[in-house]
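Secondary and tertiary structure notes
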Amino acid sequence: MSSSASTHRAVPRAVWWIVNLSLAALFLYPFWVVLSQSIKTPTEAAAAPPTLFPQSFSLANFGKLFSNENGGAGFAMQLGNSVLVSIGATLLTIVLSTLAGYGFAKLRFRGSNLLFFATLATFMIPFQAVITPLYLVLHQIGLTNNLLGLMLVYTTFNLPFGIFLMRNSFAALPASIEEAALVDGCGILRAMVRVLLPVAIPGVISTALFTFFAAWNEFFAALILMTDQSKYTLPVALNVLSSGTFGTLDWGALQSGVAVTIVPCIVIYILLQKYYVGGMLTGATK
Amino acid sequence: MAPQTSLTDTATSPGASGHTPALPSRRRRSLTKSRSALGQVVVAPALLLLTVFFFLPVALMLWMSLHKWPLLGKITFIGLGNYTAAFQDQNFLRAAGFTLLYTVIMTPLLLLVGVALALLIRRPGRAARVFQSIYFLPVVVGFAAAGYLWLFMAQPNLGPLLDLLSRAGLASHSDNWFGTVVGALAIVCGMVVWKVAGMQMLLLNSGLQSIPVELEEAARIDGASRSQVFRYIILPLLRPTLALVLVFSVAGSLLAFDQFFIMTSGGPANQTITAVYHIYRVSFLGFQLGYGAALSALLMIVLAIVSAFQMLILRNSDHS
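Every value quoted in this text rests on a predicted model; they were computed, and no experiment measured them. (Residues numbered from 1 in each chain as written. Chains lettered and ligands numbered in written order. Predicted model: local features only at pLDDT ≥ 70, side-chain atom pairs only at ≥ 80, totals over all residues. Heavy atoms only, no water.)

Scanning chain B from terminus to terminus reveals 13 helices and 2 strands. Of all 320 residues assigned to chain B, the portion counted as buried reaches 52%. Of all intrachain contacts in chain B linking residues separated by at least 6 positions in sequence, the fraction that spans at least 24 positions is 64%. (Helix = DSSP H or I, 4+ residues; strand = E, 2+ residues; numbered from the N terminus. Buried < 20%, exposed > 50% of the residue type's maximum accessible area, 1.4 Å probe, protein only. Contact = heavy atoms within 4.5 Å.)

This is how it looks when you write it as structure tokens:
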């Protein structure tokens, strides 16, 4: 063992392994529960006490989940709503925060600092506090119970962080790069697309990941703003499943629903974790 | 804020862009002008959305809070009536008290687990990175999904977690943890620690990484014990990160809603209703929108104080 890492020997190696393996088991255990529960047969999934390992493999819980018994509007439709709203909000957030981030960093105008400060000030106000008036505003423009409305709301909630990240990305670039592109005869917008955007890609990916996770997992606003079951997103759909409007609560189907909600996040995280973690640290420490 | 380098800056200091040929000054002037015009155009869409869906609702919230504002029916101006009512509303006071209790329990708990995990993964090598990824994994799971998962894990008779604890002799299959405030709170806290600790670990770890190893080594050579190194070197240097992590968990706990709505429904006997949950009930079940807005304004003030505290800490740490 090298002496360069001083905490290295604070804990003996074997103890370190035992502690970490136990903790890893604890952290992974809930994932095992949702996975094993959703691939049990519906009968086994409702067994008391529960079985630790599935005795047989079955996709019947998923079948029940997607068969049309979720209050007239199928789980498949609600999954589609989640995909639509999350991807829509993500794309819109990327475009708007890239534009605004570029503007605030490189195309300054009278009052731009003040506007940027106002954007940052929204960090201080929790969106939970504005949900009631937001409902009324959406109602006025006919966007309550509307997926486009929810998409715009999620975009708005994530814009400040996106603008902040993108402004940082652009501000880090020396003006000479941009100027060189301008001298070569590019317009400002072409200079932005050709020269600046490629350099800002990590910031774009971080913004996209944050917005997607936030929109995909958001519960409170969706619960309040969407009143029609055909407009629900996954977290609210789980709420319908758990309230068991059709007879007794079907725990097997509910856990399959949880699995469907969790799996995309895990896959995306594993594929793009360096951008997610990097973006989070930038956002937290700046 | 960092000083910006822009075309206008380099115009007065040609040395900064020495390797690019200088633009003719007329073109530069018109560029500067068109740049600031373009700047206004590119920030406009984002600001439009923020105005309509954020700044306008904030203003509307403050306006509504001065009114008796039922969902349907006549809106009447009552001044600060809603605010004075809030401080006599036993349900609100109880919700605020419970939110504080939850925050006071959750914050040190998360901090302890976060610090422990951060110290554990502070080791070179692949294994530590894998463990770090595992501890962070629940962070990407949403509160709703995590809530329904843990709700099932702790169900009387059915729940796998209860089953494991029963086999270990620590519980009984028929225990109903959701039947008591202590039990319900414990299972919610367990879920939140599982879901959030990885985030705290990551932030703390990045704080730890910024502490030079030489500093610790020098202290060790001078004869400091490991606990002394932690107490007198790591802890003071980690203070800005610790403060940040604390503010995150305080703000998150004060705004708790999903976990209680999903896992306890505010029960037993409405004893686990948080501030946001109470606002939700007042506004969307009781349709007292004006009163709900006043409670939201109070919540906003509390959160703004917490955020201001955060900025103060970060500013101080920048200059030290």
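To continue, consider the overall build of chain A. Helix and strand counts for chain A stand at 13 helices and 0 strands. In sequence order, chain A lays out its α and β elements as α-α-α-α-α-α-α-α-α-α-α-α-α. Going through the 286 residues of chain A one by one, you find that 55% of them count as buried. For chain A, the exposed area adds up to about 11,300 Å²; of that, 70% sits on carbon and sulfur atoms. (Areas by Shrake-Rupley, 256 points an atom, 1.4 Å probe, with all protein chains shown as cover.)

Looking now at the nonpolar core. In this structure, Tyr154 of chain A together with Phe136 of chain B are the most contacted members of the largest nonpolar core, which totals 189 residues. Setting aside its immediate chain neighbours within four residues, Tyr154 of chain A contacts Val85, Ala89, Ala215, Glu218, Ala221 and Ala222 of chain A. (Core = buried A, V, L, I, M, F, W, Y, C linked by side-chain atoms within 4.5 Å.)

Residue and element names in this part refer to chain B. For chain B, per-residue confidence averages 87 on the pLDDT scale, and 88% of positions sit at 70 or higher. Highest mean pLDDT in chain B belongs to helix 11 (residues 258-263) (96); lowest belongs to helix 1 (residues 7-12) (38). Overall, residues 1-20 carries pLDDT values under 50, and its contacts beyond four positions in sequence, including any with other chains, amount to 28 contacts. (pLDDT = per-residue confidence, 0-100.)

Our focus in this paragraph is empty space enclosed by the protein. A full pass over the atoms with the stated rule returns 2 cavities of 30 Å³ or more. Taken as a whole, the largest cavity spans an internal volume of roughly 80 Å³. Tyr29, Trp32, Val33, Ser36, Gln37, Lys40, Pro50, Thr51 and Leu52 of chain A together with Pro160, Asp163 and Leu164 of chain B are the residues that line the largest cavity. Looking at the lining of the largest cavity, the elements with two or more residues in it are helix 1 (13-38) of chain A together with helix 7 (160-167) of chain B. For the lining of the largest cavity, the class distribution of residues is 7 nonpolar, 3 polar and 2 charged. As a volume, the second largest cavity reaches approximately 30 Å³. What lines the second largest cavity is Val115, Ala118, Leu119, Leu204, Leu208, Phe230 and Leu238 of chain B. For the lining of the second largest cavity, the secondary-structure elements that each account for two or more residues are helix 4 (90-120), helix 8 (181-209) and helix 10 (226-254) of chain B. Top element by residues in the lining of the second largest cavity is helix 4 of chain B. It accounts for 3 residues. For the lining of the second largest cavity, the class distribution of residues is 7 nonpolar, no polar and no charged. (1 Å grid on protein atoms, 1.4 Å probe; cavity = no way out; pocket = protein on both sides within 12 Å on 5 of 7 lines; lining within 4 Å. Points joined across faces, edges and corners; volume = space filled by probe spheres on them. Nonpolar A, V, L, I, M, F, W, Y, C, P; charged D, E, K, R; others polar.)

Following the criterion strictly, the structure yields 34 aromatic pairs over all chains and no others. Taking the centre distance of 6.2 Å and the plane angle of 80 degrees together, the rings of Phe54 of chain B and Phe55 of chain B count as edge-to-face. Following the ring pairs from residue to residue traces out a cluster consisting of Phe127, Tyr135, Phe157, Phe219 and Phe220 of chain A together with Phe257, Phe261, Tyr277, Tyr280 and Phe284 of chain B. The lysine or arginine in question, Arg167 of chain A, covers the ring of Phe116 of chain A, its NZ or CZ lying 4.3 Å from the ring centre. Taking NZ or CZ as reference, Arg231 of chain B lies 4.9 Å from the ring centre of Tyr232 of chain B, over its face. (Phe/Tyr/Trp six-rings, centres within 6.5 Å; stacked < 30°, edge-to-face > 60°. Lys NZ or Arg CZ within 6 Å of the ring centre and 35° of its normal.)

Taken residue by residue, the interface counts 103 residues in chain B and 104 residues in chain A. Summed over both partners, the interface of chain B with chain A buries about 9,600 Å², with 77% contributed by carbon and sulfur atoms. Interface area lost by chain B to chain A is led by Phe53, Arg123 and Tyr148 of chain B, which between them contribute 8%. Where chain B packs against chain A, one counts 0 salt bridges. At the boundary of chain B with chain A, the tally comes to 12 residue pairs in polar contact (both at pLDDT 80 or more). Of all the elements, helix 2 (residues 25-64) of chain B adds the most residues to the side of chain B that touches chain A, at 26 residues. (Buried area = accessible area lost by both parts, 1.4 Å probe. Salt bridge = Lys/Arg side-chain N within 4 Å of Asp/Glu carboxyl O. Polar contact = N/O pair within 3.5 Å; in protein donor to acceptor, adjacent residues only side chain to side chain.)

Residues and elements named next belong to chain A. As for its position among the elements, Val260 is in helix 13 (residues 251-285). A sequence separation of 225 residues divides Val260 from Leu35, and the C-alpha atoms of the two residues are 9.9 Å apart. Other than its neighbours up to four places away in sequence, Val260 contacts Phe62, Leu65, Phe66, Phe75, Leu79, Trp216 and Leu234.

Residues lying three or four places apart along an α-helix face the same way, a consequence of the helix completing one turn every 3.6 residues. When helix 7 of chain B is considered as a whole, its buried residues turn out to be Pro160, Leu161, Leu162, Asp163 and Ser166 of chain B. Taken together, the buried residues of helix 7 of chain B touch helix 1 of chain A together with helix 6 (143-153) and helix 8 of chain B. Positioned one or two residues after helix 7 of chain B, Gly169 of chain B has a phi angle of 80 degrees, which is positive.

This paragraph deals with the pattern of salt bridges. For the structure on display, the rule yields 3 salt bridges over all chains. Of the charged contacts in the structure, one is a salt bridge between Asp250 of chain A and Lys64 of chain A, with a shortest N-O distance of 2.6 Å. With Asp250 of chain A in the loop between helix 12 (234-243) and helix 13 and Lys64 of chain A in helix 3 (residues 60-66), this pair connects stretches of sequence that are 186 residues apart. Here Arg122 of chain B ties to Glu216 of chain B by a salt bridge, and the two come within 2.8 Å at their closest N and O atoms. In this pair, Arg122 of chain B is assigned in the loop between helix 4 and helix 5 (126-136) and Glu216 of chain B in helix 9 (residues 213-221), connecting sequence segments 94 residues apart. The class of Glu216 of chain B is buried, set by a relative accessible area of 1%.

Residues and elements named next belong to chain A. Ser112, Phe116, Thr119 and Leu120 are the residues of helix 5 (residues 112-121) that are buried. The buried residues of helix 5 occupy one face: seen down the axis, they fall within an arc of 95 degrees. Facing away from the buried surface of helix 5 by more than 90 degrees, the exposed residues are Leu114 and Phe117. (Arc of directions from axis to C-beta.)

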